[in-house]
Structure formats: C-alpha cells, structure tokens
Amino acid sequence: MTSIHDIIKTMTDGSAIESVYWVGCGASRSDLYLGYYFLNNESHRIKTSLHTAKEFVLTEPASLDEHAIVIACSLAGATPETVEAVSYARSRGAHVIALTHEPESALTKDAEKTVVFTWGDTYSSKLDKQIKVLQLAVEILHEVEGYELYDTMTEGLSRIGDLAEETVAAAQKPAAAFAEKYKDTPILYVTSSGPMEQIAWSFCQCLMMEMQHIPSSTFNAGDFFHGPFDMVKENVDYLLLMNDGRTRPMDERALAFMERFHTNVTVVDVKDFGLTEKMPARVAEYLNPIIISPTLRIYAEHIAELRNHPLTYRSYMWKMEY
C-alpha cells in the first residue's frame, strides 16, 4: 500500500497547494482536529479548516479547487454525509484522501487516494487513526513549505503507540476512582484546550452522552471565564484534561477556580505521562491527544461497568432511520 509520504509527495508535486480541509462527522471529525490544529499553528502559507461533513457540502467553500487537499474520515467508510463530501470535493477539482478502516468502502469510491488505519482490540491500535491524521498534516507541511522538526516528529509518531500502551496499566486505579465518583452524576462538565480541545469534546459527546447516556457539556478552557465558570458550585462534577504545552496556563487557571469553590474536579494531566522527557516540547505538545486517549477509554470502561451500561449500547444509532 502506498505510504502517506508518497501520497502527499505525489499530490504536492507540481501542484500549488493552498488549502487543506478536514471533513468528517462525530468522533471522526474530532480526531481530525489534531491535523487541523497542527497546520493552523505551524504553517505560514496553508489555509486550513475543520468541517462537519454536511455543512462542508452545503456551504460550498470558495477555495475548494485544484489547489486544495480534502481529508475525509469515516471509521467504516459508510457515513453518508462524508461519502457525499468526498464526491462533492472531487467534483470541484480538489485532491481527496479517504481516511478509513475499510479500504473497499463507499468513502473510497470517488477519493483520489485512500489511507487505511487499523482498528483492533488493543488500545494502541485504536490510536492509529489519530497517528495517521497527524502524519498527513506533517507530510503536507513538509512538502509544501518545509518543517524543521520533521525527523523528530516522524520518530515521535513511530513511538507514540507503544508509549500509549504503557499508560494503560497506570490508568486502572484512577479510572476506577473516577467511575465511583461520577457514576451517578447529574451532569459532567469536561474541559481542555489547545490540541486536546476535541479530545474533551469526543469524551463528552461520544463516550458520555452517546455511549453512557450521561448528560455532559464541554468547552474550551480559554472560554471558561466567559460564561461557563458561572456554573461552578461546590460538588459540581468536572473533568479537566491538562495539556503539557503552550496552552497549559489556561488549564491551570480553570483548575485554580474550580478548586477555590470546591467542585468535584478530576484532573488527567498529560505531564504525568512524561512525553516532554522523551522528546522536544514542541513535538510532544502535538502528541498530547494521542497519549491521553487510551487513558480516557479506560475511564469510560470503568464507569460503564459500574453503571451496568455497556459502551456498545445505543438508543437510536444503527437502529432506525434518522
């Protein structure tokens, strides 16, 4: 199968790439955020944006043309809105990459290239989608304008799966405590910032609301003092995902306020995983979302077990037309 490096090199060879669009729905869209965030922070010239698939089609971005790359993600490759977005982008002349676990799925039919990620029983295998998202962003940046930390980031990405597996054993005890603390919560507020903003979103929307039917709300820690902090009361339930990077001061400020008013706050701190001890801080920052993901999955598994509510249970999804 063609490597991500070769795919991007072919697409950018002789083609003036100006825009990169990341398109998906639900958890697939939130996993694409890391690629968007990296390019938005590291590129001098590339315009990049993140879209939910149907809105991408309905709003018709003006710069969607032969100078754009569209990366569309769907786990099984069957999400109708994302399949439609691929066809639409190709009709506008854009380069389109389908990112999926199913190489022969509907998502790949009109795509120019396909990148397949693994999705297995191990925690590290479930990280392959996020790893490939960041690989795509890194390769695009490097080919279009150069990236001085390319070799270091490539090495970090090759190691992050094994490093994430190492966090799993250490997560069992705090995950059990989290489940006991929040199993009967009336609502769980989840917050983070920077590259982990959408990790907080997916934990709230997918693991809590979709898979556990627990009312949950999420917001960027930078917005905490612009509305959400008025919900801070004693014993109100919060989960704070603490970055080890440039946006950490926002997370720390939010935590200080929560502790000041004695909320029930649980902190999952990426700094405890020691990434910055193994690689440069500017590279480790973008790996924060990948290393924390298996820990949060364990948190969800423990709360599901205590509530006798399997993560596979759904009320409507896959059960009816909607």
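Note that the structure is predicted; figures quoted are calculated from it, not measured.

J.: In this structure, what is going on with the overall build of the protein? I would like to understand it.
T.: The helix and strand tally for the protein stands at 9 helices and 9 strands. On C-alpha atoms alone, the protein measures out to a radius of gyration of 20 Å, which is about the 20 Å that the 2.2 N^0.38 rule sets for 322 residues. The principal-axis extents of the C-alpha atoms in the protein amount to approximately 60 × 50 × 40 Å. For the protein, with 322 residues in total, the buried portion stands at 53%. Intrachain contacts of the protein at a sequence separation of at least 6 include 76% that bridge at least 24 residues. On the protein, roughly 14,300 Å² of surface is accessible, and the fraction owed to carbon and sulfur atoms is 50%. In the protein, 28 positive and 45 negative side-chain charges are present, and the distance between their average locations comes to 3 Å.

J.: How should I be thinking about the sheet that holds strand E9 (residues 264-269) in this particular structure?
T.: Adjacent strands of a sheet pair through backbone hydrogen bonds, lying either parallel or antiparallel. In spatial order, the strands read E7-E6-E8-E9; together these 4 strands make up an open sheet with parallel pairing. Across the chains shown, the open sheet's two edge strands, defined by having one partner strand only, are strand E7 (216-220) and E9. Averaged over all pairs of adjacent strands, the angle between their axes in this sheet comes to 20 degrees, without regard to strand direction. Summarising the sheet, strand E8 (residues 237-242) and E9 pair through 6 bridges and their orientation is parallel. Within E9, the position partnered with aspartate 237 by the bridge is asparagine 264. Here helix H7 (residues 197-212) sits on the sheet and contacts strand E6 (188-192), E7 and E8; the angle it forms with E7, its principal contact strand, is near 175 degrees. Against the sheet, helix H9 (residues 281-307) contacts E8 and E9, and its axis sits at roughly 145 degrees relative to E9.

J.: What am I meant to see in the layout of surface pockets here?
T.: One simple way to see leftover space: roll a probe sized like a water molecule over the atoms. Space inside the largest pocket adds up to approximately 1,600 Å³. What lines the largest pocket is a set of 46 residues, and nearest its centre among them are Ala27, Ser28, Cys206, Glu210 and Met211. At the level of secondary structure, the elements contributing two or more residues to the lining of the largest pocket comprise helix H2 (26-42), strand E3 (68-74), helix H4 (80-91), helix H5 (128-144), H7 and H9. Here the element with the most residues in the lining of the largest pocket is H7; it accounts for 10 residues.

J.: What is the right way to look at empty space enclosed by the protein in this model?
T.: Taken as a whole, this structure holds 1 cavity of 30 Å³ or more when the rule is applied. The calculated volume of the largest cavity comes to roughly 40 Å³. Residue lining of the largest cavity: Ser30, Asp31, Tyr33, Leu34, Gln130, Pro195, Gln198, Ile199 and Pro289, and that is the complete set. Looking at the lining of the largest cavity, the elements with two or more residues in it are H2 and H7. In terms of residue count, H2 provides more of the lining of the largest cavity than any other element does, 4 residues in total. Taken together, the residues of the lining of the largest cavity break down into 5 nonpolar, 3 polar and 1 charged.

J.: For this particular structure, what's the right way to read the side chain of glutamate 139?
T.: Take glutamate 139: it is sitting in helix H5. This buried residue, glutamate 139, is left without a salt bridge; lysine 9 holds the nearest opposite charge, at 8.2 Å. A distance of 3.1 Å separates the side chain of glutamate 139 from the side chain of histidine 5, its partner in a polar contact. Not counting chain neighbours up to four residues away, the residues in contact with glutamate 139 comprise Ile4, His5, Ile8 and Tyr150.

J.: Where do I start with H2 in this structure?
T.: It helps to recall that an α-helix has 3.6 residues per turn; residues three or four apart then point in one direction. A rise of 1.5 Å per residue sets the reference length of H2, with its 17 residues, at 24 Å; its end C-alpha atoms lie 25 Å apart and thus fit the reference within 8%. Tyrosine 33 marks the point of greatest bend in H2, at about 25 degrees.

J.: What is the right way to look at the packing of H2 against H9 in this model?
T.: Think of two packed helices as two axes; the pair is described by the angle between the axes and how far apart they sit. Where H2 contacts H9, the two axes come as close as 10 Å, and the packing angle between them is 160 degrees. When the interaxial angle is binned, H2 and H9 end up roughly antiparallel. For the crossing formed where H2 meets H9, the hand is right-handed. Contacts between H2 and H9 involve Leu34, Tyr37, Phe38, Asn41 and Glu42 from the former and Arg282, Glu285, Tyr286, Pro289 and Ile290 from the latter. Here the residues of the contact of H2 with H9 are counted per class, giving 6 nonpolar, 1 polar and 3 charged.

J.: In this structure, what is going on with the side chain of threonine 48? I would like to understand it.
T.: Mapped onto the elements of the fold, threonine 48 is located in strand E2 (residues 47-52). Residue threonine 48 is classed as buried on the basis of its relative accessible area, which comes to 14%. Only 3.0 Å separates the side chain of threonine 48 from the backbone oxygen of valine 20, close enough to count as a polar contact. In this structure the side chain of threonine 48 is engaged in a polar contact, spanning 2.9 Å, whose partner is the side chain of tryptophan 22.

J.: Would you take a moment to explain the nonpolar core for this structure?
T.: For soluble globular proteins, the rule of thumb is that nonpolar side chains tend to be buried together. If you look at the biggest cluster of nonpolar residues, it comprises 77 residues, and the most contacted ones within it are Trp22, Phe38, Leu134, Met153, Phe203 and Leu287. Element by element, the count of residues in this core is highest for H9, at 13 residues. The residues touching phenylalanine 203, leaving out its near neighbours within four places in the chain, are Phe178, Leu188, Val190, Met208, Leu239, Leu296 and Tyr299. Counting residues in each nonpolar core, the second largest holds 19 residues, with Val23, Phe56, Val70 and Val86 among its members.

Reading the values: the criteria
Residues numbered from 1 in each chain as written. Predicted model: local features only at pLDDT ≥ 70, side-chain atom pairs only at ≥ 80, totals over all residues. Heavy atoms only, no water. Helix = DSSP H or I, 4+ residues; strand = E, 2+ residues; numbered from the N terminus. Rg over C-alpha atoms; globule rule 2.2 N^0.38 Å. Buried < 20%, exposed > 50% of the residue type's maximum accessible area, 1.4 Å probe, protein only. Contact = heavy atoms within 4.5 Å. Areas by Shrake-Rupley, 256 points an atom, 1.4 Å probe, with all protein chains shown as cover. Lys, Arg positive; Asp, Glu negative; His and termini not counted. Charge placed at Lys NZ, Arg CZ, Asp CG, Glu CD. Pairing = 2+ DSSP bridges. Axes fitted to C-alpha atoms, helices over the stretch in contact; angles between N-to-C directions. 1 Å grid on protein atoms, 1.4 Å probe; cavity = no way out; pocket = protein on both sides within 12 Å on 5 of 7 lines; lining within 4 Å. Points joined across faces, edges and corners; volume = space filled by probe spheres on them. Nonpolar A, V, L, I, M, F, W, Y, C, P; charged D, E, K, R; others polar. Salt bridge = Lys/Arg side-chain N within 4 Å of Asp/Glu carboxyl O. Polar contact = N/O pair within 3.5 Å; in protein donor to acceptor, adjacent residues only side chain to side chain. Expected span 1.5 Å × (residues − 1). Bend = angle between axes of the 7 residues up to and from the residue. Parallel < 35°, antiparallel > 145°, perpendicular 65-115°, else oblique. Left-handed = near helix turned anticlockwise from the far one by under 90°. Core = buried A, V, L, I, M, F, W, Y, C linked by side-chain atoms within 4.5 Å.

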